[in-house]
Amino acid sequence: MNLFFKIFLWFLAAIALMVGMVVFLNWTVQTEPVVGRWRNSVRNQMTIYAATAAQIHDSEGERGLIGFLDRIRNADTVSEVDVIARDGSVWFTDAANVESYQGLVEKTFASGVAEIEVGPPDTALAAKHFVLDNGDSFVLLLRWERPRPTPFFGESPLRYLRYAGLLLTALLLCWALARYLSSPIQKIRKATQKLAGGDLQTRVAIEVGNRRDELAALAKDFDVMAERIESLINSQKRLSRDVSHELRSPLARMNVALEIAKQKSNGDTAPMLERIETESFRLNEMISSILTLSRLESGSRDFERREIDLTALVESVVEDANFEAAAKGKAVKIIDGDECSVFGSENLLRSAIENVLRNAVRYTKGETTVGVTLKTADSKARIHVRDYGSGVPEDELNNLFRPFYRVGEARERKTGGIGLGLAIAEQAIRAHKGSISAGNTGDGLEVEIILDCKK
Amino acid sequence: MSRVLIIDDDEELCELVSEYLTVEGFETECVHDGESGLNKAVSGDYDLAILDVMLPKMNGFDVLRKLREESKLPVLMLTARGDDRERIVGLEIGADDYLPKPFNPRELVARLRAILRRIHSETGDQIPAEKIQVEGLELSPSSRSVRLGGGEVTLTSVEFDLLTALVREAGKVVKKEDLSENVLERSLSPYDRSLDMHISNLRKKLGIRPDGSERIKTIRSVGYIYTVL
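What counts and how
- Along each chain, numbering runs from 1 in the same order as the chain's sequence is written.
- Think of it this way: whatever chain is written first is A, whatever ligand is written first is 1, and the rest follow in order.
- Reporting of local features is limited, given that this is a predicted model, to residues whose pLDDT is at least 70; pairs of side-chain atoms are given and counted only at 80 or more, and all residues count toward the totals for whole chains, interfaces and linings.
- Excluding hydrogens and water, the side-chain values take into account all heavy atoms of the structure.
- Helix and strand labels come from DSSP, where a helix needs a run of H or I of at least four residues and a strand needs a run of E of at least two; each type is numbered from the N terminus.
- Contacts are assigned to residue pairs that have any heavy atoms within 4.5 Å of one another.
- Burial here depends on accessible area, computed with a 1.4 Å probe over protein chains only, as a share of the maximum for the residue type. Under 20% is buried, over 50% is exposed, and the range in between is partly exposed.
- Pairing between strands is defined by DSSP: at least two bridges between the two strands are required.
- Every axis corresponds to a line fitted to the C-alpha atoms, with the helix fit spanning only the stretch in contact, and the corresponding angles, defined between N-to-C directions, vary from 0 to 180 degrees.
- Buried area adds together the accessible area that both of two parts lose upon being put together, with accessible area traced by a 1.4 Å probe.
- The salt bridge criterion pairs a side-chain nitrogen of Lys or Arg with a carboxyl oxygen of Asp or Glu, the two atoms within 4 Å.
- Geometric relationships in this document are graded by angle, where less than 35 degrees denotes roughly parallel, more than 145 denotes roughly antiparallel, 65 to 115 denotes roughly perpendicular, and other angles denote oblique.
- By definition, turning the near helix anticlockwise from the far helix through less than a right angle yields a left-handed crossing, and turning it clockwise yields a right-handed one.
- Ten residues, namely Ala, Val, Leu, Ile, Met, Phe, Trp, Tyr, Cys and Pro, are considered nonpolar, four, namely Asp, Glu, Lys and Arg, are considered charged, and the remaining ones, Gly among them, are considered polar.
- The pLDDT score gives, residue by residue, the confidence of the prediction method on a 0 to 100 scale.
- We define a polar contact as two N or O atoms separated by no more than 3.5 Å, with the added condition that, inside protein, one atom must be a possible hydrogen donor and the other a possible acceptor, whereas residues neighbouring each other in sequence contribute only through side-chain atom pairs.
- Expected helix span is taken as 1.5 Å per residue step, with the number of steps being one fewer than the number of residues.
- Every definition here rests on a 1 Å grid over the protein atoms only: cavities are sets of points where a 1.4 Å probe fits but cannot get out, pockets are open sets enclosed by protein on both sides within 12 Å along at least five of seven lines, and lining residues have some atom within 4 Å of a point.
- Grid points are joined across faces, edges and corners, and a volume is the space filled by probe spheres set on the points.
- Buried residues of nine kinds, namely Ala, Val, Leu, Ile, Met, Phe, Trp, Tyr and Cys, make up a nonpolar core once their side-chain atoms join them within 4.5 Å.
- Pairs were defined over the aromatic rings of Phe, Tyr and Trp, the Trp ring being its six-membered one, requiring ring centres within 6.5 Å. Orientation was assigned from the angle between planes: stacked under 30 degrees, edge-to-face over 60, tilted for the rest.
- Geometrically, a charge over a ring is one whose NZ (Lys) or CZ (Arg) sits within 6 Å of the ring centre while staying within 35 degrees of the ring normal.

### Considerations on the overall build of chain A
No. 1: The secondary structure content of chain A amounts to ten helices and twelve strands.
No. 2: Sequence-distant contacts, at least 24 apart, represent 63% of the contacts inside chain A between residues at least 6 apart.

### So, the pairing of strand β4 (residues 75-80) of chain B
All names here are of chain B.
No. 1: Most of β4 is tucked away, with six of its six residues classed as buried.
No. 2: One ladder, built from four bridges, connects strand β3 (residues 48-52) with β4; its direction is parallel. Bridged to D52 within β4 is L78.
No. 3: Where β4 and strand β5 (residues 97-101) come together, five bridges link them in parallel fashion. Within the sheet, the bridge partner assigned to T79 lies in β5 and is P100.

### Concerning the sheet that holds strand β11 (residues 435-440) of chain A
Residues and elements named next belong to chain A.
No. 1: Taken in spatial order, the five strands of this open sheet run β7-β9-β10-β12-β11, and their pairing is mixed. Looking at the sheet topology across the chains shown, the edges are occupied by β7 (331-337) and β11. Taken over all neighbouring pairs, the strand axes of this sheet differ in orientation by 20 degrees on average, direction set aside.
No. 2: Where strand β10 (residues 380-386) lies against strand β12 (residues 445-452), seven bridges are found, and the strand directions are antiparallel. Within β12, the position partnered with R386 by the bridge is E446.

### A word on the pairing of strand β8 (residues 145-148) of chain B
All names here are of chain B.
No. 1: Both strand β7 (residues 137-140) and β8 contribute to a ladder of four bridges, which runs antiparallel. Counted as the bridge partner of L139 is V146 from β8.
No. 2: Counting the residues between successive antiparallel strands, the hairpin from β7 to β8 contains four residues, one of them, R144, with a positive phi of roughly 50 degrees.
No. 3: Strand direction decides the pairing type here: β8 and strand β9 (residues 151-153), joined by three bridges, are antiparallel.

### A look at the interface of chain A and chain B
No. 1: The partner chain B presents 28 residues to the 38 residues of chain A that form the contact.
No. 2: The contact between chain A and chain B buries some 2,800 Å² in all, and 51% of this surface belongs to carbon and sulfur atoms.
No. 3: Summed over the three residues of chain A that lose the most area to chain B, namely A:R253, A:V256 and A:Q263, the buried surface amounts to 20% of that side.
No. 4: Taken together, the connections running from chain A to chain B amount to four salt bridges.
No. 5: Residues B:R106 and A:E277 are paired through a salt bridge, measuring 2.4 Å at the closest nitrogen-oxygen approach.

### Structural notes on the environment of A:K262
No. 1: Mapped onto the elements, A:K262 comes out in helix α5 (residues 214-264).
No. 2: The spatial distance from the C-alpha of A:K262 to the C-alpha of A:E274 is 8.7 Å, given a sequence separation of twelve residues.
No. 3: Setting aside anything within four residues of it in sequence, one finds A:K262 in contact with A:L273, A:E274, A:E277 and B:R106.

### Let's talk about the packing of α5(A) against helix α6 (residues 270-297) of chain A
Residue and element names in this part refer to chain A.
No. 1: It is at 9 Å that the axes of α5 and α6 come closest, and there the two elements cross at 155 degrees. Judged on the interaxial angle alone, α6 and α5 are roughly antiparallel. As α5 packs across α6, the resulting crossing turns out to be left-handed.
No. 2: Classifying every residue of the contact of α5 with α6 gives eleven nonpolar, seven polar and eight charged.

### Here we look at the confidence of the model for chain B
Residue and element names in this part refer to chain B.
No. 1: For chain B, per-residue confidence averages 84 on the pLDDT scale, and 93% of positions sit at 70 or higher.
No. 2: When mean pLDDT is taken per element in chain B, strand β2 (residues 26-31) scores highest with 93 and helix α4 (residues 84-92) scores lowest with 75.
No. 3: Scored as a whole, the predicted complex attains pTM 0.58, and scored at its interfaces, ipTM 0.72.

### Concerning the side chain of B:S140
All names here are of chain B.
No. 1: Mapped onto the secondary structure, S140 falls in strand β7.
No. 2: Residue classification places S140 among the buried residues on the basis of a relative accessible area of 6%.
No. 3: For S140, the side chain forms a polar contact with the side chain of S145, separated by 2.9 Å.
No. 4: Every residue in contact with S140, bar those within four places of it in the chain, is listed here: K131, S145 and F160.

### Digging into helix α1 (residues 11-23) of chain B
Residue and element names in this part refer to chain B.
No. 1: Along its 13 residues, α1 runs 19 Å from first to last C-alpha, staying within 8% of the 18 Å computed at 1.5 Å per residue.
No. 2: All of the buried residues along α1 are L13, C14, L16, V17, S18, Y20 and L21.
No. 3: Of the residues flanking the end of α1, it is G25, one or two places downstream, whose phi is positive at about 95 degrees.

### Thoughts on empty space enclosed by the protein
All names here are of chain B.
No. 1: Under the criterion given, the structure shown has three cavities of 30 Å³ or more.
No. 2: Its boundaries defined by the atoms lining it, the largest cavity holds a volume of some 50 Å³.
No. 3: In terms of lining residues, the largest cavity is bounded by I6, D8, L13, C14, V17, I50, L78, F103 and L108.
No. 4: Looking at the lining of the largest cavity, the element that brings in the most residues is α1, giving three residues.
No. 5: Partitioned by chemical class, the residues of the lining of the largest cavity number eight nonpolar, no polar and one charged.

### Side note on the nonpolar core
Generally speaking, a soluble globular protein has its nonpolar side chains buried in company with each other.
Residue and element names in this part refer to chain A.
No. 1: Core analysis: the biggest nonpolar cluster contains 50 residues, and L310, V332, I353, L357, I383 and L400 have the highest contact counts within it.
No. 2: Of all the secondary structure elements, the ones that give two or more residues to this core are α6, α7 (310-326), α8 (346-363), β9 (369-377), β10, α10 (421-430), β11 and β12.
No. 3: Ranked by residue count, the leading element in this core is α8, at eight residues.
No. 4: Dropping the residues within four chain positions of it, V332 is found in contact with V318, A321, N322, A325, L357, V361, T369, V370 and V372.
No. 5: Formed by 27 residues, the second largest nonpolar core is a distinct cluster that contains L65, V83, I116 and F130.

### Digging into the packing of aromatic side chains
Residues and elements named next belong to chain A.
No. 1: Following the criterion strictly, the structure yields seven aromatic pairs over all chains and no others.
No. 2: Ring centres of F4 and F5 lie 5.3 Å apart, and the angle between their planes is 75 degrees; on these two criteria the pair is classed as edge-to-face.
No. 3: Judged by relative accessible area, which is 13%, F4 ranks as buried.
No. 4: Exposure remark for F5: the relative accessible area of 40% places this residue in the partly exposed category.
No. 5: Judged by centre distance (6.2 Å) and plane angle (20 degrees), the ring pair of Y49 and W144 falls under stacked. Of the two residues, Y49 is situated in helix α1 (residues 3-74) and W144 in strand β5 (residues 137-145); the sequence distance between them amounts to 95 residues. With respect to burial, Y49 and W144 carry one shared label: buried.
No. 6: An aromatic cluster is defined as three or more aromatic residues linked by ring pairs; in this entry it consists of F4, F5, F8 and W175.
No. 7: Sitting above the plane of the F109 ring, R86 keeps its charged end 4.4 Å from the centroid.

### Some remarks on the environment of A:G88
No. 1: Here A:G88 shows up in the loop between β1 (78-85) and β2 (90-92).
No. 2: The spacing of A:G88 and A:V105 is 17 residues in sequence and 8.5 Å in space, taken between C-alpha atoms.

So this is what it looks like as structure tokens:
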């Protein structure tokens, strides 16, 4: 999972847990005393009511008492009034099953103080005895509404709004924090990818901005590293380019001197002079390849771009390659050629396809035909070049495009390559934001080039 | 004997090339910077110039550009191998041919001879060929000039010969092989783009027809055709 979301969710979870704990603790701590206070007040009221009931009966008789009981019942907090005599007879009741109160009644007579029995949900039955002047004893039973503890989720919309506000604040805070921590890491990661992709000029400290923490330090370290790598690679490239460039002048002179020597030579030296010529030709090829490659690698992306008919380009390269292959008893053929044009440099693309094809022709076995297909789908052009050679060991496939990489020293010598063709092809394709890869087919190698088609 | 002017800053190379060309029957003179090269080139004492791109004081392209303002002296450019831009620019501003450096001197001599042959056939002892006219395009082989819709078009000698070959067969496909053999005087080799390059320059110079169609069409993997409406 993405680091941003991880941090975000962890902070959110932490905040939610904390808020939950606080609310819960608050609620429990608050609820206990409420219930305790209510019990005391019920007891006191029961004592007062019982005493009052006795006085009213004494002074106003039964009628007065009934009136008083009715008044009690009209109070909000009392829902039921019963009066039960000592002998168990029910003198006044609102309840259907007064008999079940017997236990409480006995208990009240025994203790002489107000008793409370927590009954069905949210109510409690309280009892207190009273004695009339004439010696009769009764128990007054009142069913009290229990005070509800403040509900955890209040009903009032204002309360919901408060929770929503709390949640929103938490979300915002977490988002900001996660963003603050993860965005520089994202930036450094992008820069690393760019650097790995070959853009040596990538720097990140400016993007990470004015922070004073480990992440900013990391960004600065990255820049130092990138700077160092860039200068190392550039100086190495410059060296190889300069060496190659400088080598051309003596080579040019040597070529001319060689021809003069040939003009003046007698027959004996001719084969050796031919040999020198062949070698100087190879040297020449190698130097031009190195120069082409270093020009491509130096990232001079400012080559001339225009719309190119890729189909025609492939056809013309295949034709040339076929001509060359025919001399070795091999062939190159287009199997499938969709119509497609791309935007880019004709010369670069030509040299890319040419190098791949020449490589295929070099390795395909005699009497076989290198197959070339050009297919377009989803605005991508795919060029497949398939040879019928001995393929390449799987673990060496990725190295194929490295300069001077040789799959089996002896093989390469015999076939006369210099090990730069595919490297040039890769650089040329990359310069077009395309990709090139190789894979074994079982009886040969297949190279795939993918380019963006122009609509 | 043809007089060849070699403009290259590599003095040793110049000496060697001079020696080789002398044996091959050319008269040579070497200069080692662009300015003096240009002065000599416009003097009219030479039949041909070999011009390197990398030169002190004034580079090969500038020399060629200045030279073309007042002279049609055939020029063979020595370009850096593998640098397509150099040869494209060279041909565009009026080089007659190019050779990537390091070159094979035999190839150099062959190219020089081809260029000279073409020049000689122009100034030629043969009977001047008649003017050829196709839809507003007028080629006069005697003066080697081209007029298109009344205006003059400046072509190099290779371009003129290519256009002549195409226009003579107007409406028919001319094979690449034939063009290479007859005009460039070398057999068509794979990966050789010079023919395409000359044709593309020719297209640029002639422009498209008023209706937007190309005058010279490419017939894939066969050759070119000068289209007639």
